[in-house]
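Working through the structure, step by step
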Amino acid sequence: MGTMKLKSAASNPKPPDAPSNHISPMRPERRTAPRTWETPPAPAPAPHLQDYERIVGAAVLEELRFLARELRGKTVKMVNSTAVGGGVAEMLNRLVPLLGELEVQTHWDVITGGNDFFEVTKAFHNALQGSPYELTRQAREIFLTYNEQNRQRMQFNEDVIVIHDPQPAALIRARQDKSARWIWRCHIDLSNPHPQVWGFLRPFIEQFDAAIFSSQSFARQLPIPQYLFYPCIDPLSEKNKDLDDSFVQKVCDEFGIDRSRPIVTQVSRFDRLKDPVGVVQAFKLARKYVDCQLVLAGGGASDDPEGAVVLKEVREAAGNDPDVIILDLPPWCALEINALQRASTVVVQKSLKEGFGLTVTEALWKGKPTIGGSVGGIPNQIIHKMTGMLVHSVEGCAYQIRYLLTHPEFAAQLGRNGREHVKESFLMTTNVRRWLLLLQILLRNGLKV
Amino acid sequence: MTAQAVTTPALHRTPAKPFYFNTSAHLLRITRYKANNLAELLEALRQCPEDSIFQHTFRTLEEHHFIREGFSNDFAHWALAACNEPGLAEVLASVDVREFTSVEALRLRFLEIMERDLKNNPQAGARPADETFYFCASDIVVLPTSFQGRTMQEFVEGLRQVSLHSIHHHFIEARLRLKLMSNDFSQWLHEDAGLTETARAINRIDIYTVTLEEVRQQIVRIVERALT
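Sequence positions are assigned chain by chain, starting from 1 and proceeding in written order. Written order determines the labels here, with chains lettered from A and ligands numbered from 1. Selection of residues for local features in this predicted model requires a pLDDT of at least 70, selection of side-chain atom pairs for listing and counting requires 80 or more, and totals for whole chains, interfaces and linings are taken over all residues.

Turning our eyes to something else, we now look at the packing of helix 11 (residues 196-203) of chain B against helix 12 (residues 212-227) of chain B. Residue and element names in this part refer to chain B. Lines fitted to the C-alpha atoms define the axes, with helices restricted to the stretch that makes contact. Angles between their N-to-C directions range from 0 to 180 degrees. The secondary structure listing takes helices from DSSP runs of H or I that are at least 4 residues long and strands from runs of E that are at least 2 residues long, numbered from the N terminus. For the pair helix 11 and helix 12, the least separation of the axes is 10 Å and the interaxial angle reads 160°. Taken together, the axes of helix 11 and helix 12 are roughly antiparallel relative to one another. Here helix 11 runs over helix 12; the crossing is right-handed. Only Ile219, Ile222, Val223 and Ala226 of helix 12 make contact with helix 11, whose side of the interface consists of Thr198, Ala201 and Ile202. Geometric relationships in this document are graded by angle, where less than 35 degrees denotes roughly parallel, more than 145 denotes roughly antiparallel, 65 to 115 denotes roughly perpendicular, and other angles denote oblique. We call a crossing left-handed when the near helix sits turned anticlockwise from the far one by less than a right angle, and right-handed when that turn is clockwise. Here the contact rule is simple: place C-beta atoms from the backbone, and any two residues whose C-beta atoms are within 7 Å are in contact.

All names here are of chain A. With respect to the helices, strands and loops of the structure, Thr136 is situated in the loop between helix 4 (115-128) and helix 5 (137-153). We call a residue exposed when 12 or fewer other C-beta atoms sit within 10 Å of its C-beta, buried when the count reaches 20 or more, and partly exposed for counts in between; the C-beta positions come from the backbone. Here Thr136 falls in the exposed class, since 12 other C-beta atoms lie within 10 Å of it. As a C-alpha pair, Thr136 and Gly367 span 231 residues in sequence and 49 Å in three-dimensional space.

Between chain B and chain A, the residue contacts involve 26 residues of the former and 30 residues of the latter. Contributions of two or more residues to the side of chain B that touches chain A are made by strand 1 (19-35) and strand 2 (133-149) of chain B. Counting residues per element, the side of chain B that touches chain A draws most heavily on strand 2 of chain B, at 8 residues. Criterion used throughout: strands pair if DSSP finds at least two bridges between them. As defined by bridge partners, strand 7 (residues 226-228) of chain A adjoins strand 1 of chain B across 2 bridges and the pair is classed as antiparallel. Each residue of the ladder has a partner; that of Tyr227 of chain A, found in strand 1 of chain B, is Arg29 of chain B.

Turning our attention to the environment of Asp109 of chain A. All names here are of chain A. As for its placement among the helices and strands, Asp109 is situated in strand 3 (residues 105-110). The spatial distance from the C-alpha of Asp109 to the C-alpha of Met154 is 8.3 Å, given a sequence separation of 45 residues. Contacts of Asp109, omitting those with residues within four sequence positions, involve Lys77, Val79 and Met154.

Take the confidence of the model for chain B next. Residue and element names in this part refer to chain B. Per-residue confidence from the predictor is reported as pLDDT, which spans 0 to 100. Summing up the model confidence of chain B, the mean pLDDT is 92 and the portion of residues at 70 or higher is 95%. The element-level mean pLDDT for chain B is lowest in helix 1 (residues 3-7), coming to 47, with helix 2 (residues 38-47) highest at 98. Taken together, the stretch residues 1-7 has pLDDT below 50 and engages in 15 contacts with residues farther than four places along the chain or on a different chain. The ipTM assigned to the predicted complex is 0.89, against a pTM of 0.88.

Here the focus is the domain arrangement of chain B. All names here are of chain B. Domain ranges listed in this record stem from an automatic or a database domain assignment. Per the domain assignment, the segments of chain B are domain 1 (3-24 + 141-227) and domain 2 (28-137). Taking only C-alpha atoms into account, the centre of domain 1 sits 30 Å from that of domain 2. Opposite the 16 residues of domain 1 that make contact, domain 2 presents 14 residues. Elements that contribute at least two residues to the side of domain 1 that touches domain 2 include exactly helix 8 (164-171) and helix 9 (174-178). Sorting elements by how many residues they give to the side of domain 1 that touches domain 2 places helix 8 first, with 3 residues.

Residues and elements named next belong to chain A. Here the domain parsing of chain A yields domain 1 (58-232 + 427-444) and domain 2 (236-425). Domain 1 puts 7 residues into the contact, and the matching count from domain 2 is 8 residues. Here the nonpolar group is Ala, Val, Leu, Ile, Met, Phe, Trp, Tyr, Cys and Pro; Asp, Glu, Lys and Arg are the charged ones; every other residue, Gly included, is treated as polar. When grouped by side-chain class, the residues that make up the side of domain 1 that touches domain 2 number 3 nonpolar, 3 polar and 1 charged.

Let us now look at helix 15 (residues 428-444) of chain A. Multiply 1.5 Å by the residue count of a helix minus one, and that product is the helix's expected span. The end-to-end C-alpha distance of helix 15 of chain A, which contains 17 residues, comes to 24 Å, matching closely the 24 Å that a straight helix rising 1.5 Å per residue would cover. Buried residues dominate helix 15 of chain A, accounting for 14 of its 17 residues.

Residues and elements named next belong to chain A. End to end, helix 4 covers 20 Å across 14 residues, agreeing with the expected 20 Å (1.5 Å per residue, within 8%). Taken together, the buried positions of helix 4 are occupied by Phe117, Val120, Thr121, Phe124, Ala127 and Leu128. One side of helix 4 carries all its buried residues, which in axial view fall inside an arc of 120°. Away from the buried face of helix 4 by more than 90 degrees, exposed residues Asn115 and Lys122 are located. The arc in question is the one spanned by the directions pointing from the helix axis to the C-beta atoms.

The next thing to look at is the pairing of strand 12 (residues 370-373) of chain A. Here is the key point about a regular strand: its side chains alternate between the two faces of the sheet. Residue and element names in this part refer to chain A. Of the two faces of strand 12, the one carrying Thr370 and Gly372 and the one carrying Ile371 and Gly373 are both buried. Summarising the sheet, strand 11 (residues 346-349) and strand 12 pair through 3 bridges and their orientation is parallel. Across the sheet, Val348 pairs through a bridge with Ile371, a residue of strand 12. Following the chain from strand 11 across helix 11 (residues 358-365) to the adjacent parallel strand 12, one finds a crossover that is right-handed. For strand 12 and strand 13 (residues 389-391), the ladder comprises 3 bridges, and the chain directions are parallel. Paired with Gly372 across the two strands is Leu390, which belongs to strand 13. Viewed with both strands pointing away, a crossover whose connecting path from the first strand over the helix to the second turns clockwise is right-handed.

This is the structure we're talking about:
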């Protein structure tokens, strides 16, 4: 087993060129030292709309421009609870400038609150996704007090106000009349919400004109129209942009991955719900019949006690197998993750529970034959035998690894279909189109229930 | 049909009217209908709005335009993947949307198939599916494009350049607007360009055995052949 860990210099006193302590004793000559980052690299500049033309084609961009033309002069405000970190902020960082380029003036405001507010909203977040919780009067008051403070601080003069997630949901009380449209964009899984918390929030949500969910199964019975916006990836982000093969090779060399042999990869946090131990077991079953290496690239072990426990379990499951390469990467290793996915022969996401599963989207976008657990949003992306393979067990996963590694033409066809599926439904440009459509429908055609 | 359209045998012939390429953009709405077994699917099929039937047939074909075989409509896919009913799935998959000029007629066809199957196989109706079928619906906005065919050459160029959404809009969805077993391209080629045989040939393209991109290429080839 080879385990490598990239982390900040502050917690890793080794000089940048020092080899990792966890390098496998097997084939050490293949492994050079991984780079160690002292600080996260500066974010890459956001792409412009025109940059997407070479990916989606001129006609798709033209559609966006026609849709946006109808919205000229309209204004939109997005409100969420954080400007940095997390998927929502990452998405807004891309969406807001693109809408601006399309001349749909979009402002982004972030609510403020004390630690007590964010503790309450974090608890709400977990409770809405099914965790046990006791909703107290104090928690309700904290939630409402900070929402009221933000309501008084902020202006709501735009034509459309979009509130992201539950934290700012009570800002709907700022609604003066029916001239502006208010949309609630829910990014979390509401399929099994805590009844008390949902009962508290629901009266606010019902005052919106429309709600947006990331999956059909996340929606609730509400008296307002509910739309489906799948999460998306940005094909020009560091995680997904095209890479020179020389860089892919360099990353593989750094991590001791042999590109002359098949590579099976799972990219995910060290979390039991991602079943990394199951992946190791499936790999070991498959390797009885086909030569391959397994790369488990993840993070979360350094800042999450449970992650560290899971990482230990994964190491134990791997034993001394030199073909199991475990990489504990910091969150800013997007380019390295991209390279590992591109170097893979088969990508696995054998989750036992999943939100949408953006690592599946990333793998499909890279044209990789992908095996996924049939949970959460994965079946929306993997249509069995058409855009990938769905599995329900370790044994099923092992079989599909064997099958795909021994049927490269079929695997390649899955990869091509998977990429087209992402291009059609799960790219940032599709997300922009959905927003423009929704704005048009709500502003022009009135409301439809 | 004008005399000029009929007698000018070149790419530069001028049809009676230009062909205006449009496209349609769809937004998915989640409805309150869902099914956890085949009996519930049948009931929801009876009650759901027409735009749900449209979404799970016409529209899903567009979303999965890159798949050459085995993906026909969401009902067939679910019957196989979630209910393990390959016989029913096969019959549902055989429903060709191009044989219908109204969504209501299409709904009746699915109801007929489901009712017959559950009558012959009643125990299948209540067997829980592996996953829920959520009925969605499409809200549609029709958009212009910058392409128009004032000449046959421009028409062919437009066919090559427009998005696949536009091809779907004119070639597959069109029959719901036209209320004819035809499509916008064939109608225009017949009525405004005097190319009736070409119009018929295009209308015979099998959309269920090729990708939508291949459909586009076939249309271009058929039109070009008629013009040379």
